[in-house]
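Summary of structural features
Each chain is listed here by its residues.
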Amino acid sequence: MSVSLRELFFRQISVIGTSVGSSAEFAEAMAFVRRHDLRPVLHDVRPFDEAVQALYDLRESGHFGKSVIRVSA
């Protein structure tokens, strides 16, 4: 993948990212998750048409766990 720095600067785009490990470390972490059958804590699962309301609710910090937006194909 290539990125045009000129285009980034011209359009004033901010790029934010992080790197937390190698591919091997990621594979090891995913193997750990599978081995121990770890599952995220879900607060709710909503249809796509409720996505805006879900963001408002997250902003209010009245949730515990992940909010999932279901996108139907």
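In this report, we go over the structure that sits alongside the text. Just so it is clear, the structure is predicted and the values come from calculations on it, not from any experiment.

Within the protein chain, the regular secondary structure consists of three helices and two strands. Reading the helices (α) and strands (β) of the protein chain from amino to carboxyl end gives α-α-β-α-β. Taking 73 residues into account, the globule formula puts the C-alpha radius of gyration at 11 Å, and the protein chain, at 18 Å, lies well above it. Based on the C-alpha atoms only, the size of the protein chain along its principal axes is roughly 40 × 35 × 30 Å. Across the 73 residues of the protein chain, 7% fall into the buried class. For the protein chain, the accessible area works out to roughly 7,100 Å², and carbon and sulfur atoms hold 58% of it. Between the averaged position of the 9 positive side-chain charges in the protein chain and that of its 9 negative side-chain charges there is a distance of 4 Å.

Let us look at the side chain of Asp 44. In this fold, Asp 44 is placed in strand S1 (residues 42-47). In contact with Asp 44, not counting residues within four places along its chain, are Lys 66, Ser 67 and Val 68.

A few words now on the pairing of strand S2 (residues 66-70). The sheet contact formed by S1 and S2 spans five bridges and is parallel. When the sheet's bridge partners are listed, Leu 42 is paired in S2 with Lys 66. For the segment spanning S1, helix H3 (residues 51-59) and S2, crossover handedness is right-handed.

What follows is about the pattern of salt bridges. Going through the model one piece at a time under the given rule, you end up with four salt bridges. Between Arg 11 and Glu 7 there is a salt bridge whose closest N-O contact spans 3.8 Å. Note on Arg 11: relative accessible area 53%, which makes it exposed. It is possible to trace a salt-bridge network through shared partners that takes in Asp 44, Arg 46 and Asp 57.

Here helix H2 (residues 23-35) contains 13 residues, and its C-alpha end-to-end distance of 18 Å stays within 8% of the 18 Å for a straight helix at 1.5 Å per residue. Asp 37 lies just past H2 and shows a positive phi near 50°.

What counts and what doesn't
- Residues numbered from 1 in each chain as written.
- Predicted model: local features only at pLDDT ≥ 70, side-chain atom pairs only at ≥ 80, totals over all residues.
- Heavy atoms only, no water.
- Helix = DSSP H or I, 4+ residues; strand = E, 2+ residues; numbered from the N terminus.
- Rg over C-alpha atoms; globule rule 2.2 N^0.38 Å.
- Buried < 20%, exposed > 50% of the residue type's maximum accessible area, 1.4 Å probe, protein only.
- Areas by Shrake-Rupley, 256 points an atom, 1.4 Å probe, with all protein chains shown as cover.
- Lys, Arg positive; Asp, Glu negative; His and termini not counted.
- Charge placed at Lys NZ, Arg CZ, Asp CG, Glu CD.
- Contact = heavy atoms within 4.5 Å.
- Pairing = 2+ DSSP bridges.
- Right-handed = clockwise from strand over helix to strand, strands pointing away.
- Salt bridge = Lys/Arg side-chain N within 4 Å of Asp/Glu carboxyl O.
- Expected span 1.5 Å × (residues − 1).

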